[in-house]
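Chain and residue survey
So the chains spell out like this:
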Amino acid sequence: MNYLTSQQAAMGTMLRRLVEHESPSDDKAACDRMVEKLARDFAAIGGNTRLHMNKKAGNHLQADFAGPRGAKPVLIVGHYDTVYGLGTLKTMPYRETRERISGPGVLDMKGGIVQMYFAIAALQAVGMPRGVTVMLVSDEETGSESSRPITERLAKKSAAALVCEPAAGEDGALKTARKGVGDYLLKVQGVAAHAGLDFEKGQSAILELARQIEAVCEFTDLKRGLTVSAGVVRGGTRSNVVAAEAEAEIDVRVTNQKDVERVAKLFGGLKAKNRKCTLTVTGGVNRPPMERSAGTAALFAKAERIAKELGFPLKEMAVGGGSDGNFTASIVPTLDGLGAVGDGAHASHEFIFADQLPRRAALLAGLIQAV
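Calculation rules
- Residues numbered from 1 in each chain as written.
- Predicted model: local features only at pLDDT ≥ 70, side-chain atom pairs only at ≥ 80, totals over all residues.
- Heavy atoms only, no water.
- Helix = DSSP H or I, 4+ residues; strand = E, 2+ residues; numbered from the N terminus.
- Rg over C-alpha atoms; globule rule 2.2 N^0.38 Å.
- Buried < 20%, exposed > 50% of the residue type's maximum accessible area, 1.4 Å probe, protein only.
- Contact = heavy atoms within 4.5 Å.
- Lys, Arg positive; Asp, Glu negative; His and termini not counted.
- Charge placed at Lys NZ, Arg CZ, Asp CG, Glu CD.
- Axes fitted to C-alpha atoms, helices over the stretch in contact; angles between N-to-C directions.
- Parallel < 35°, antiparallel > 145°, perpendicular 65-115°, else oblique.
- Left-handed = near helix turned anticlockwise from the far one by under 90°.
- Nonpolar A, V, L, I, M, F, W, Y, C, P; charged D, E, K, R; others polar.
- Expected span 1.5 Å × (residues − 1).
- Salt bridge = Lys/Arg side-chain N within 4 Å of Asp/Glu carboxyl O.
- Pairing = 2+ DSSP bridges.
- Polar contact = N/O pair within 3.5 Å; in protein donor to acceptor, adjacent residues only side chain to side chain.

Within the protein, the secondary structure is distributed over 10 helices and 18 strands. What you see for the protein is a C-alpha radius of gyration of 23 Å, in line with the 21 Å of a compact globule of 371 residues. In terms of its C-alpha atoms, the protein occupies a principal-axis envelope of roughly 80 × 45 × 35 Å. Buried positions account for 52% of the 371 residues belonging to the protein. Counting contacts in the protein only where the partners sit at least 6 residues apart, residues at least 24 apart contribute 80% of the total. Computed over 47 positive and 42 negative side-chain charges, the separation of the two mean positions in the protein equals 4 Å.

Shown next as structure tokens:
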């Protein structure tokens, strides 16, 4: 803790460099330039680095740090992509005061990358207690389609997964459960017709979709932690044409695997209200729920003890958002929310508390030792 506190200025310097290199998920070239710099950073502290090449998303970084033989490594999970497009720095520049650091991606989750880097550097100075594998991906914000198989493969070889996503809330709570996340696409095919001359010959896809949206939103059960929300709706061509096509993108959140199956059956059982229209339903839950397992509870107990030794309290929370921890949790004990502490992820006021960087890095280092 003393060593990492002495490194706070250096942590801020690294964080500024990462934030000022914008890395939106949808810009492969920017992401590839970013990951090459990260590979050099982790190699400089003893990591055996490897880039997992990708045609669409940015390349993914794996950095392996050797430890004593025989023990499985700890997997440290994170992402370097952000939701902010190129040029965001012009209106949302990196700013650092004594108390706060703000800028695009500073909380979600470039602050977490800085913490994992300095935690490993500190352990390298005293001798790595066990092997560590760092996995930094470029597509977490868009669903981790290309990186998921790699993350899951590494999890199978690991003793535990520690996820450096932002903490839950400004008090720095860790995340011991996350909802599963699903995306369904509901399409309706109707019959086009002139809205004035041949109205009765048309079958409105928009009207049918509206009725279907009302029906699927009734799947929501707040007591079960199950929510269904139509977030994007498209349809029709002109106001004087009875719409032949319409579709809705629907977000689903579930707390357990049973509800994953339940929701799939509910969407699979949808029937058109207007029999002259047809429905097509695709999609499903793409991030399984991270349920609070015995292994995760044991990891949190260790984290709580380490935090107490370092002089600060630590809480746990269940949250509605997903992360790559959703993938690892069904394979190995997983503890999430070990990243930076702040507020405003994905928002213009995104910030972290500067003095939390050293102690969160110390907590991570302690967990690597304790697993």
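As a packed pair, helix α3 (residues 28-44) and helix α4 (residues 106-126) sit with axes 11 Å apart at the nearest point and diverge in direction by 20 degrees. One element, α3, and the other, α4, form an angle in the roughly parallel class. Regarding α3 and α4, the two cross each other, and that crossing is right-handed. On α4, the residues that touch Met34, Leu38, Asp41 and Phe42 of α3 are Lys110, Ile113, Met116, Tyr117 and Ile120. The residue makeup of the contact of α3 with α4, split by class, is seven nonpolar, no polar and two charged.

Moving on, we come to α4. Helix length check: α4, at 21 residues, gives a terminal C-alpha distance of 29 Å against a target of 30 Å (1.5 Å per residue), a fit within 8%. Taken across its 21 residues, α4 has 18 buried, putting it largely inside the fold. Gly127 sits one or two residues past α4 and shows a positive phi near 100 degrees.

To continue, consider unusual backbone geometry. Between Asp108 and the following residue, Met109, the backbone shows a cis peptide bond with an omega angle of -10 degrees. Mapped onto the secondary structure, Met109 falls in helix α4. The backbone of Ser144 sits at a positive phi, close to 60 degrees, despite the residue not being glycine. Here Ser144 shows up in the loop between β6 (132-137) and α5 (148-156).

If you walk through the whole model with that rule in mind, you get 15 salt bridges. With a closest N to O distance of 3.0 Å, Arg287 and Asp324 form a salt bridge. Taken together, the positions of Arg287 in strand β14 (residues 278-287) and Asp324 in the loop between β15 (316-319) and α9 (325-328) put the pair 37 residues apart, joining distant regions of the chain. Here Arg287 matches Asp324 in class, with each residue buried. One salt bridge in this structure joins Glu309 and Arg305, with 3.2 Å as the shortest N-O distance. Of this pair, Glu309 and Arg305 both sit in helix α8 (residues 294-310), four residues apart, roughly one helical turn. Taken together, the shared-partner salt bridges in this structure form one network comprising Glu140, Arg287 and Asp324.

A few words on the environment of Leu4. Inspection of the secondary structure puts Leu4 in helix α1 (residues 2-6). The exposure class assigned to Leu4 is buried, which follows from its relative accessible area of 4%. C-alpha of Leu4 to C-alpha of Lys273: the two residues are 269 residues apart in sequence and 63 Å apart in space. Leu4 has contacts with Met11, Phe118, Ala122, Pro358, Ala361 and Ala362, leaving out every residue within four places of it along the chain.

Another point: the pairing of strand β7 (residues 160-163). In β7, alternate side chains face the same way, and those of Ala160 and Leu162 on one face and Ala161 and Val163 on the other are all buried. Of the strand pairs in this sheet, strand β3 (residues 74-79) and β7 are connected by four bridges, and their pairing is parallel. Bridge pairing in β7 places Ile76 opposite Leu162. Pairing analysis gives two bridges linking β7 to strand β16 (residues 334-335), with the strands arranged parallel. Among the inter-strand pairings, Leu162 is bridged to a residue of β16, identified as Leu335.

Strands sit in the order β1-β2-β6-β3-β7-β16 across an open sheet of six strands; the sheet is mixed. This sheet does not close on itself; its edge strands, each paired only once, are β1 (48-52) and β16. Here α5 sits on the sheet in contact with β1, β2 (60-65), β3 and β6, set at roughly 170 degrees to β6.

A few words now on the side chain of Arg287. Accessibility expressed as a relative area gives 5% for Arg287, which makes it buried. In terms of polar contacts, Arg287 uses its side chain to reach the backbone carbonyl oxygen of Ser323, at 3.0 Å. Every residue in contact with Arg287, bar those within four places of it in the chain, is listed here: Glu140, Gly143, Ser144, Gly180, Val181, Gly322, Ser323, Asp324, Asn326 and Phe327.

So yeah, pure geometry; function would need other evidence.
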